[in-house]
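One-letter residues, chain by chain:
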Amino acid sequence: MLSASDNELLTKVGPGTIMGDLMRQFWIPGIQSSELAGPDSDPVRIRLLGEDLIAFRDTNGDVGIIDNFCPHRRASMFFGRNEECGLRCVYHGWKFDVNGDCVDMPSEPAESNFKDKVKITAYAAKERGGVVWVYMGPRSKLPPLPELEANMLPEGEWAVSSIMRTCNFVQALEGDIDTSHLGFLHLGSVDPAGAVPGSYDYYTVNIRSPRYKVIDTDYGTTYAAYREAEPDTYYWRFAHFLMPFWAMIPTGVLGVQVLARAWVPIDDTHTMFWNMVVPTTRSNGGQGGAGAPRGGVNIDGKKGATDYLPNGTGWFDRWNLAQNAENDYKIDRKAQYDNENYTGIDGIYLQDQVVTESMGAISERTKEHLGTSDTMVIKTRQRLMTAAKELQEGMAPAAVDQPELYAIRSGGVILPKETDWLEGTEELRKAFVKHPGLTANK
Ligand code: FES
Ligand SMILES: [Fe+2]
């Protein structure tokens, strides 16, 4: 449970808010590179942290992220002409480049220097691994991009996808760090007798109330949930929260799985989910697999198809799913009654989407009742709120200037009972390391 004022502090990200200031310290995934198809392609509306922005790719292929409103008389730049290294407002022809400089002002006399005095707000943009990263913060010397393995490998190895979620980013993020729902929401219908002995799923459905270790780290928080595997071993599931909205989930095999998931606030009530993943490092079966227990949404690009609606041009018209609140996510009550599927909702991603969106646009945390299994959620909220308050006192979070803190991995591992959970996994938790003895399936 949180006080109403803490819930406000935690969830509001617009300009001038305490959490919004924290978000603006970091590079933010803004739009997929492929959405800006080529030089002088159509401008795209994107909202980030409650700000309406226009993304465009200029004649040279450089990306511009500028304010929606023309600084002249505030027509929308979305309708602009993308031509000759700039976006030209169609109202009076003022033209701006990717840096926000006004490079042409044909409505003023040729001798006027007014154009040198006018700028449009433009945020720095960098492209890497299929992602246009945006920096909306105050620094003139830009911080480094986070060293996220899934976003730094050669083309062809990684996959990137996005899905719109219609709720605040905190409850969406909390779905990724709340491991205790796995045995219910996702695997509640799996009969232990039917699971493959020795598989991670087998251990998960045999003991549905694991114990937890949770720690604060320089990058955010880490938990490991553990339960007995065999009489002399534990099955450990490691997952991380990384400032300010990243999660690495514990599915798959620790030391193999490469992924990073971002819950980017579009505004206070919309979140863009970003999945950056190396598909070959994810297991093929069970909950660690690419998709759902039976068919459904697959966000790893491996098998099945994610059921997207076509993208449109509105602020919220990108990467929406066909199963949504308006159609009750196409819940299959018969599958639920027959216990063929615990939820009747098709696919792991969608199951998470249903429960987090069903909390309302911004969850009323004043009315919650948190148990021992919510320790990671509690610690992560505190971590975010503390970092936000410390920033107000002039202390930027360590992770902004230490990109190497992001070079880590998550996943599951079987350890002898006497092995220390952190010492015993130090190498496995490092990114960019090969472990030839390990495979993606367990
Ligand atoms: S409103 Fe954009 S040029 Fe006048
Ligand atoms: Fe989940």
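Worth saying up front: this structure is predicted, and the values here are computed from it rather than measured.

Calculation criteria
- Residues numbered from 1 in each chain as written.
- Chains lettered and ligands numbered in written order.
- Predicted model: local features only at pLDDT ≥ 70, side-chain atom pairs only at ≥ 80, totals over all residues.
- Pairing = 2+ DSSP bridges.
- Helix = DSSP H or I, 4+ residues; strand = E, 2+ residues; numbered from the N terminus.
- Axes fitted to C-alpha atoms, helices over the stretch in contact; angles between N-to-C directions.
- Buried ≥ 20, exposed ≤ 12 C-beta atoms within 10 Å, placed from the backbone.
- Domains from an automatic or database assignment.
- Nonpolar A, V, L, I, M, F, W, Y, C, P; charged D, E, K, R; others polar.
- pLDDT = per-residue confidence, 0-100.
- Contact = placed C-beta atoms within 7 Å.

Draft legend 1. The arrangement of the sheet that holds strand 9 (residues 122–128) in detail. Reading across the sheet, the six strands line up as 1-10-9-4-3-2 and stay open at both edges, with antiparallel pairing between neighbours. Each edge of the open sheet carries a strand with a single partner, namely strand 1 (27–32) and strand 2 (44–48). Averaged over neighbouring strand pairs, the angle between their axes works out to 35° when direction is ignored. Of the pairings in the sheet, the one linking strand 9 to strand 10 (residues 131–135) comprises five bridges and is antiparallel in character. Its bridge partner lying in strand 10, E127 is registered against V132.

Draft legend 2. Molecular detail of the pairing of strand 16 (residues 259–267). Of all the nine residues making up strand 16, eight are buried; the element is thus mostly covered by neighbouring parts of the structure. Across two bridges, strand 15 (residues 246–248) lies against strand 16 in antiparallel orientation. From the neighbouring strand, A247 faces strand 16, where its bridge partner is R261. Pairing geometry for strand 16 and strand 17 (residues 270–277), over eight bridges, is antiparallel. Bridge pairing links A262 to W274 in strand 17. Connecting strand 16 to the next strand, strand 17, in antiparallel fashion are two residues.

Draft legend 3. Layout of the domain arrangement of the chain. Domain annotation of the chain identifies domain 1 (27–142) and domain 2 (159–425). Summarising the inter-unit geometry, the C-alpha centres of domain 1 and domain 2 are found 34 Å apart. Every element with two or more residues in the side of domain 1 that touches domain 2 is listed here: strand 1 and strand 2. Here the residues of the side of domain 1 that touches domain 2 are counted per class, giving five nonpolar, four polar and three charged.

Draft legend 4. Seen up close, the confidence of the model for the chain. For the chain, per-residue confidence averages 93 on the pLDDT scale, and 95% of positions sit at 70 or higher. Throughout residues 285–305 the model reports pLDDT below 50, and contacts reaching past four residues in sequence, or to other chains, amount to 64 contacts.

Draft legend 5. Geometry of the sheet that holds strand 8 (residues 102–104). With antiparallel pairing, four strands are arranged side by side in an open sheet as 5-6-7-8. Every interior strand has two partners, whereas the edge strands, strand 5 (81–82) and strand 8, have only one. Sheet analysis places strand 5 next to strand 6 (residues 87–88), joined by two bridges and oriented antiparallel. Among the inter-strand pairings, N82 is bridged to a residue of strand 6, identified as L87.

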